[in-house]
Amino acid sequence: MKTISASFAKKCFKKRKKDSHKGENGKVLVVGGSSDYVGAPALAAMAGIACMRTGVDLVTVLAPEKAGFVINSYSPNLVVKKVKGDFFAPVHMKKILEESRKADVVLIGNGIGLNPKTVKLVRSVVGKIKAPIVLDADGIKACKGMRFKGNVVVTPHKKEFEIFSGKKISGSKDSSRGISKLAKIVKAVAAKQMCIVLLKGRIDIISDGREVLLNRTGCEAMTAAGTGDVLAGIVTALVAKKNPLVDAAATGAYVNGLTGERVAKRIGYSLVASDLIEELPSTIKKM
């Protein structure tokens, strides 16, 4: 197992060409939002804005109609496209695939909900999208037990990991022995389900089924809702920049945690997810 360092993370932030143009530095599609609960659109918006703050050129959010109009209000920098209905369903498959062909990476799950029709859609569409995929939140739960083709990053916390993998890990401790045991489980699940797993925790564990990386940045102030959506956005942006998926996942965890530490030093436990987004450019610039 190797602990992620600043020098490791820096490799994922390449210098831009002086004549680079819009879209050359990453195009992202976020599929999320629903009318299932009030905060759902905010989670999709948070993930999209985090992508922008990590340096991609274009983020399109595809969302159900009502949620889409709410997402519009969060930032004029997001392109928001809407589908009819209160939640995603199989009828929206064609539109998702159409939009995914324009993107370097697709993030699925933020605020998407677990309506049975939505679950059916997600399980079906992830096998048809050609671009790399990042699965977060309810997108992870929808894909429980699925095997992929090595083109998917999943970003679960412990409970989501249990649902996704069927492995019980809730009692795991953050001791060296506990982390070592947990790392073996994460590695085995990544290998079996043919994906990259970023298990969020006090120490994040990242594996592609072959190697295991640990991230030790972050702090106890980062328990606020939405910080996981910010992490998913950072990872997605790094995938859009053509980094290997496991490197993007590991660096995303490192940058998210480091940003949280910097914010917590300034404002303590009053940290909210939007504070991370505002701090991101400064963290990345210092790297």
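Before reading on, note that the structure itself is shown above.
Bear in mind that the values here come from a model prediction, so they are computed numbers and not experimental data. (Residues numbered from 1 in each chain as written. Predicted model: local features only at pLDDT ≥ 70, side-chain atom pairs only at ≥ 80, totals over all residues. Heavy atoms only, no water.)

**Let's talk about the overall build of the protein**
Per the secondary structure count, the protein includes 11 helices and 10 strands. Against the compact-globule benchmark of 19 Å for 287 residues, the protein has a radius of gyration of 17 Å, which places it among compact chains. Expressed as lengths along the three principal axes of its C-alpha atoms, the size of the protein is roughly 50 × 45 × 35 Å. Here the protein holds 287 residues, and 57% of them are scored as buried. (Helix = DSSP H or I, 4+ residues; strand = E, 2+ residues; numbered from the N terminus. Rg over C-alpha atoms; globule rule 2.2 N^0.38 Å. Buried < 20%, exposed > 50% of the residue type's maximum accessible area, 1.4 Å probe, protein only.)

**Focus: the packing of helix α10 (residues 245-267) against helix α11 (residues 273-286)**
Following both chains from N to C, one finds α10 and α11 inclined at 110°, their axes separated by 9 Å at the closest point. Between α10 and α11, the angle is such that the two are roughly perpendicular. Regarding α10 and α11, the two cross each other, and that crossing is right-handed. Residues V255, N256, L258, T259, G260, R262, V263, R266 and I267 of α10 form the contact with α11, whose participating residues are D275, L276, E279, L280, S282, T283, I284 and K286. When grouped by side-chain class, the residues that make up the contact of α10 with α11 number seven nonpolar, five polar and five charged. (Axes fitted to C-alpha atoms, helices over the stretch in contact; angles between N-to-C directions. Parallel < 35°, antiparallel > 145°, perpendicular 65-115°, else oblique. Left-handed = near helix turned anticlockwise from the far one by under 90°. Contact = heavy atoms within 4.5 Å. Nonpolar A, V, L, I, M, F, W, Y, C, P; charged D, E, K, R; others polar.)

**Observations regarding the sheet that holds strand β2 (residues 27-31)**
Taken in spatial order, the 10 strands of this open sheet run β1-β10-β9-β8-β7-β6-β5-β2-β3-β4, and their pairing is mixed. Both edges of this open sheet fall to β1 (2-3) and β4 (79-83), since each of them pairs with a single strand only. (Pairing = 2+ DSSP bridges.)

**Examining helix α8 (residues 176-193)**
In this model α8 runs 26 Å from its N-terminal to its C-terminal C-alpha over 18 residues, within 8% of the 26 Å that 1.5 Å per residue would give. If you check which residues of α8 are buried, you get G178, I179, L182, A183, V186, V189, A190 and Q193. Buried residues of α8 fall within an arc of 130° about the axis and therefore sit on the same side. Residues of α8 that are exposed and angled more than 90 degrees away from the buried face: S176, R177, K181, K184 and K192. Turning to α8, the residues buried within the fold contact α7 (158-165), β8 (196-199), β9 (204-207) and β10 (212-215). Where α8 terminates, the next one or two residues include M194, which has phi positive at roughly 50°. (Expected span 1.5 Å × (residues − 1). Arc of directions from axis to C-beta.)

**Focus: the packing of aromatic side chains**
The full count for this structure, using the stated rule, is one aromatic pair. On the numbers, 6.3 Å between centres and 5° between planes, the contact of F148 with F164 is stacked. Residue F148 is found in the loop between α6 (138-142) and β7 (152-154), and its partner F164 is found in helix α7; the two are separated by 16 residues along the sequence. Across the pair, F164 and F148 agree in class, each one buried. When the ring centre of F69 is taken as origin, the NZ or CZ atom of K82, which lies over that ring, is 4.4 Å away. (Phe/Tyr/Trp six-rings, centres within 6.5 Å; stacked < 30°, edge-to-face > 60°. Lys NZ or Arg CZ within 6 Å of the ring centre and 35° of its normal.)

**Some points on the environment of V125**
The residue V125 is located in helix α5 (residues 116-125) in this model. The spacing of V125 and M93 is 32 residues in sequence and 6.6 Å in space, taken between C-alpha atoms. Among all residues touching V125, those that are not within four sequence positions of it are M93, I96, L97 and I108.

**Details of the environment of I267**
The topology assignment puts I267 in helix α10. I267 sits 229 residues away from V38 along the chain, and the two C-alpha atoms are 27 Å apart.

**Focus on unusual backbone geometry**
Most of the time, phi is negative for any residue but glycine, and the peptide bond is trans. A positive phi angle, close to 50°, is found at A137, a residue other than glycine. Mapped onto the elements of the fold, A137 is located in the loop between β6 (133-135) and α6. Of note, the phi angle at M194 is positive, near 50°, even though the residue is not glycine. Tracing the backbone through its elements, the reader meets M194 in the loop between α8 and β8. What makes M194 partly exposed here is its relative accessible area of 36%.

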